[in-house]
Amino acid sequence: MERFEGGKPSEKIEEQKHAAEYKGIFERIRKNPLIRTSVLSLGLAISALGGLEVAERAPGKLAELHEIQREENVAAKKVKILRELGAKEKKLKELFGERGDIGYGAIKKEIWHEADEAVKKREGFSWTAPSRDLEEMSVRKIDAAKHKSAAERRKMENKIDDLKAMDGEKEVVVPHDIVKDILEETFPERWAKEGPRRIGFQKSEDPEALKQLGLPKTWRIVAETSAGESYITFYKQASRQPVDKLINNTLAHEMAHNFDWTNLAVTSFEERMDLLQAIGERIGSKDRLKSDYVETIKNEAKQEERYLKAQEYWAEICAAYFSHPKEMNYKDFKIVDNWMKKFDQKWNVGDKNAERGAIIEAIKQGVYSK
Amino acid sequence: MLKADILRDGVHLGHLLIEGDTAMFEGDSAVKSLVYGAVRDGIPRWKEITLSDSKRIVEEAITKDDPHFDLALVVWLRREGYDVLEDHSEVDLAIEKLLGQLPAAEKWQKIKVETQKELPQANFLEKTYLLEKLREVFKENK
């Protein structure tokens, strides 16, 4: 990051001073691993004693299809895999009703058509790679609005307002270009590129808004995310929290909604099914993260309630991941960490959280500049 | 029941215990006053609601009678700038229980000693990681 170059000599000295202070903050915050090497080694030793492999989980069922090109009994194997994938789909529908169909049902036919073609041609069709082209082609029919053209995306970029928050009793302004820096440099690569197209701040909420929405007039709106997740708006109430909470928690929570199992950018169908399944299991576990965002959700339709809870649970564990990962249950951490690595192969949450922490600290001390 | 340590800027300020609609705090007098004031007067809670066109985080006022007051109090304290480290002694107990069931062979006992040595300074992520690894081993050896 080159942030302190150019300017007059006096400015230069000031910038060098800022750079030194900034570096000092950064050095203090980083180098604090989430899981110490000694503990990691111990975990590996435990697994080794049990005769277990600690490598990544077994490849998905779709990955097995890659193998069918080399096998004779293609039809039998294909039926077996179809049955296994169907079982996953059934389980999701049992848990979440129609919400459990995250697009897989609608595109299954095309997947199998492609598989047939690949087998016939004996070409290198990879089931392990994200089936992006195929998905885009198929999903466009389901929801064209979710797939904006590149030109349209570019047009909508850079619409970020200055955000406001607190540092103790003092109000802190996070300029829009620094918000953009934080997104681009300290969140997974694709979060900034394919995340919300607008992050806004409104000093006051529309007094009619609560009435129009049929909500109690004593409530206040803190933040809003559009159904297509193309924009996030923060209101005055959001600015009353510490700046690190605004960025690491509230913003991360809202952005996480944009990158769950409905995001089609880089993940395969099976991966998305697995994520929803994993979250469904976690919200039913005793050792789940307890959050009032999740616990307060009530809906007469139980499958719908479970789905809404899954959405919020996902957003909450993401917020924990970006703000205080050392206080997460490893089961939740593993789900989020694996997912983030699909959006950024070089992703390291410890380093990136430290970098974001340093930027936020520098903003608070007034030593961060472009 | 929820137990937690309250810190600010890395400084330990006291210990919080919430059970039902009762909260007890031992430690820094300013935090104590803040916590007891919250229990007496209520606090703002944030929750997310799903509407047809959007999701909105809304703020509502709640009192200690709310069934999820304890969770809301923890989140509110975090928004007030405090770090709230929840007590998860049940994880320590679960690890100790599994360690106690390890075979007597030297290789297992070595793991037991090493794990017990690491536990006091382990964070929650590390503890749950170790618990997962131990559970996997027991599951595999069933």
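Analysis parameters
Within each chain, residues carry numbers counting from 1 in the order of the written sequence. All chains are assigned letters beginning at A, and all ligands numbers beginning at 1, according to the order in which they are written. The predicted nature of this model means local features are confined to residues of pLDDT at least 70 and side-chain atom pairs, given and counted, to a pLDDT of 80 or more, with totals for whole chains, interfaces and linings taken over all residues. Numbering of helices and strands starts at the N terminus; helices are DSSP runs of H or I of at least 4 residues and strands are runs of E of at least 2. Three exposure classes are used. Buried residues have 20 or more other C-beta atoms within 10 Å of their own C-beta, exposed residues have 12 or fewer, and partly exposed residues fall in between, all C-beta atoms being placed from the backbone. By definition, residue pairs are in contact when their C-beta atoms, positioned from the backbone, come within 7 Å. For a compact globule the rule gives 2.2 Å times the number of residues to the power 0.38, and the radius of gyration it is set against comes from C-alpha atoms. A pair of strands is labelled paired if DSSP reports no fewer than 2 bridges between them. Only the stretch in contact is used when a helix axis is fitted, and all axes are lines through C-alpha atoms; the angle between N-to-C directions ranges over 0 to 180 degrees. What we call a nonpolar core is a set of buried Ala, Val, Leu, Ile, Met, Phe, Trp, Tyr and Cys residues whose membership is set by joining through C-beta atoms within 7 Å. The nonpolar class holds Ala, Val, Leu, Ile, Met, Phe, Trp, Tyr, Cys and Pro. Asp, Glu, Lys and Arg form the charged class, and all remaining residues, Gly among them, are polar. For this classification, under 35 degrees means roughly parallel, over 145 means roughly antiparallel, 65 to 115 means roughly perpendicular, and everything else is oblique. Note on convention: the crossing is left-handed when the near helix lies turned anticlockwise from the far helix by less than a right angle, right-handed when the turn is clockwise. How far a helix is expected to stretch is found by multiplying one less than its residue total by 1.5 Å. pLDDT runs from 0 to 100 and stands for how confident the predictor is about each residue.

**Focus: the overall build of chain A**
Here is step 1: A tally of regular secondary structure across chain A gives 16 helices and six strands.
Here is step 2: Across the 370 residues that make up chain A, the buried fraction comes to 36%.
Here is step 3: The long-range fraction of contacts in chain A, counting pairs at least 24 apart against all pairs at least 6 apart in sequence, stands at 69%.

**Some details on the overall build of chain B**
Here is step 1: Within chain B one finds five helices and six strands.
Here is step 2: The order of α-helices and β-strands along chain B, N terminus first, is β-β-β-α-β-β-α-β-α-α-α.
Here is step 3: Over its C-alpha trace chain B gives a radius of gyration of 20 Å, far above what one expects of a compact globule, namely 14 Å for 142 residues.
Here is step 4: Considering only C-alpha atoms, chain B reaches an extent of 60 × 45 × 25 Å along its principal axes.
Here is step 5: Out of the 142 residues belonging to chain B, those deemed buried represent 30%.

**Re the sheet that holds strand 3 (residues 22-27) of chain B**
All names here are of chain B.
Here is step 1: Strand order in this open sheet of four strands is 3-2-1-6, and the pairing throughout is antiparallel. In the strand order of this sheet, the two ends are held by strand 3 and strand 6 (83-86), each with one partner. Between one strand axis and the next, the sheet turns through 25 degrees on average, direction left out of account.
Here is step 2: Bridge count for strand 1 (residues 2-8) against strand 6 is four bridges, and the pairing is antiparallel. Note that in strand 6 the partner of isoleucine 6 across the bridge is valine 84.
Here is step 3: Packed on one face of the sheet, helix 1 (residues 29-41) meets strand 1, strand 2 (11-19) and strand 3 and runs near 175 degrees to strand 3.
Here is step 4: The sheet contacts of helix 2 (residues 69-79) involve strand 1, strand 2, strand 3 and strand 6, and relative to strand 1 the element is tilted by about 5 degrees.

**What about the nonpolar core?**
Here is step 1: By size, the foremost hydrophobic cluster in this structure holds 84 residues, and its most contacted members are Ile317(A) and Cys318(A).
Here is step 2: Here the element with the most residues in this core is helix 14 (residues 302-323) of chain A; it accounts for twelve residues.
Here is step 3: Apart from the residues within four sequence positions on either side, Cys318(A) is in contact with Ala252(A), His253(A), Ala256(A) and Val336(A).
Here is step 4: Grouped together as the second largest cluster of nonpolar side chains are 19 residues, Phe25(B), Ile62(B), Ala72(B) and Val75(B) included.

**Digging into the interface of chain A and chain B**
Here is step 1: Contacts between chain A and chain B engage 48 residues on the former and 44 residues on the latter.
Here is step 2: Every element with two or more residues in the side of chain A that touches chain B is listed here: helix 2 (37-49), strand 5 (220-226), helix 13 (292-295), helix 14 and helix 15 (330-343) of chain A.
Here is step 3: Ranked by the residues each element gives to the side of chain A that touches chain B, the list is headed by helix 2 of chain A, at eight residues.
Here is step 4: A breakdown of the residues in the side of chain A that touches chain B according to their chemical character gives 22 nonpolar, 15 polar and eleven charged.
Here is step 5: Two elements, strand 5 of chain A and strand 5 (residues 54-62) of chain B, share six bridges in a ladder whose sense is antiparallel. Residue pairing across strands places Ser226(A) opposite Ser54(B), the latter belonging to strand 5 of chain B.

**Remarks on the sheet that holds strand 1 (residues 159-160) of chain A**
Here is step 1: Read across the open sheet, the six strands follow the order 1(A)-4(A)-6(A)-5(A)-5(B)-4(B); overall the sheet is mixed. Pairing within the sheet leaves two strands with one partner each, and these edge strands are strand 1 of chain A together with strand 4 (43-50) of chain B.
Here is step 2: Both strand 5 of chain A and strand 6 (residues 231-235) of chain A contribute to a ladder of three bridges, which runs antiparallel. The residue bridging Glu224(A) from the neighbouring strand is Thr233(A), located in strand 6 of chain A.
Here is step 3: Sitting on the sheet, helix 2 of chain B is in contact with strand 4 and strand 5 of chain B, with an inclination near 105 degrees to strand 4 of chain B.

**Some details on the environment of Gly357(A)**
Residue and element names in this part refer to chain A.
Here is step 1: Looking at the element boundaries, glycine 357 is found in helix 16 (residues 349-364).
Here is step 2: Residue glycine 357 is classed as buried on the basis of its 21 C-beta neighbours within 10 Å.
Here is step 3: Separated by 171 residues in sequence, glycine 357 and threonine 186 have C-alpha atoms that sit 9.4 Å apart.

**Some words on the packing of helix 2 of chain A against helix 4 (residues 106-118) of chain B**
Here is step 1: Running from amino to carboxyl end, helix 2 of chain A crosses helix 4 of chain B at an angle of 155 degrees, the nearest separation of the two axes being 11 Å. Put simply, helix 2 of chain A runs roughly antiparallel to helix 4 of chain B. Our pair here, helix 2 of chain A against helix 4 of chain B, has a crossing hand that is left-handed. In contact with Ser38(A), Val39(A), Leu42(A), Ala45(A), Ile46(A) and Leu49(A) of helix 2 of chain A, helix 4 of chain B contributes Lys107(B), Trp108(B), Ile111(B), Glu114(B), Thr115(B) and Glu118(B).

**Focus on the packing of helix 2 of chain A against helix 5 (residues 124-140) of chain B**
Here is step 1: Packing of helix 2 of chain A against helix 5 of chain B brings their axes to within 8 Å, and their N-to-C directions diverge by 10 degrees. As the angle between them shows, helix 2 of chain A and helix 5 of chain B are arranged roughly parallel. Seen from helix 2 of chain A, the contacting residues are Val39(A), Leu42(A), Gly43(A), Ile46(A), Ser47(A) and Leu49(A); seen from helix 5 of chain B, they are Glu126(B), Tyr129(B), Leu130(B), Lys133(B), Leu134(B), Glu136(B) and Val137(B).
Here is step 2: For the contact of helix 2 of chain A with helix 5 of chain B, the per-class residue count stands at eight nonpolar, two polar and three charged.

**What to know about helix 12 (residues 269-283) of chain A**
Here is step 1: For helix 12 of chain A, with 15 residues, the first-to-last C-alpha span of 21 Å sits near the 21 Å given by 1.5 Å per residue.
Here is step 2: Here helix 12 of chain A has its buried residues at Phe269(A), Glu270(A), Arg272(A), Met273(A), Asp274(A), Leu275(A), Leu276(A), Ile279(A) and Gly280(A).

**Looking at unusual backbone geometry**
Residue and element names in this part refer to chain B.
Here is step 1: Despite not being glycine, aspartate 9 has its phi angle at roughly 50 degrees, a positive value.
Here is step 2: Turning to its location among the elements, aspartate 9 is positioned in the loop between strand 1 and strand 2.
Here is step 3: Here aspartate 9 falls in the exposed class, since 8 other C-beta atoms lie within 10 Å of it.

**What about the confidence of the model for chain B?**
Here is step 1: Mean pLDDT over chain B: 93, with 99% of residues reaching 70 or higher.
Here is step 2: For this predicted complex, the interface score ipTM comes out at 0.94, alongside a pTM of 0.81.

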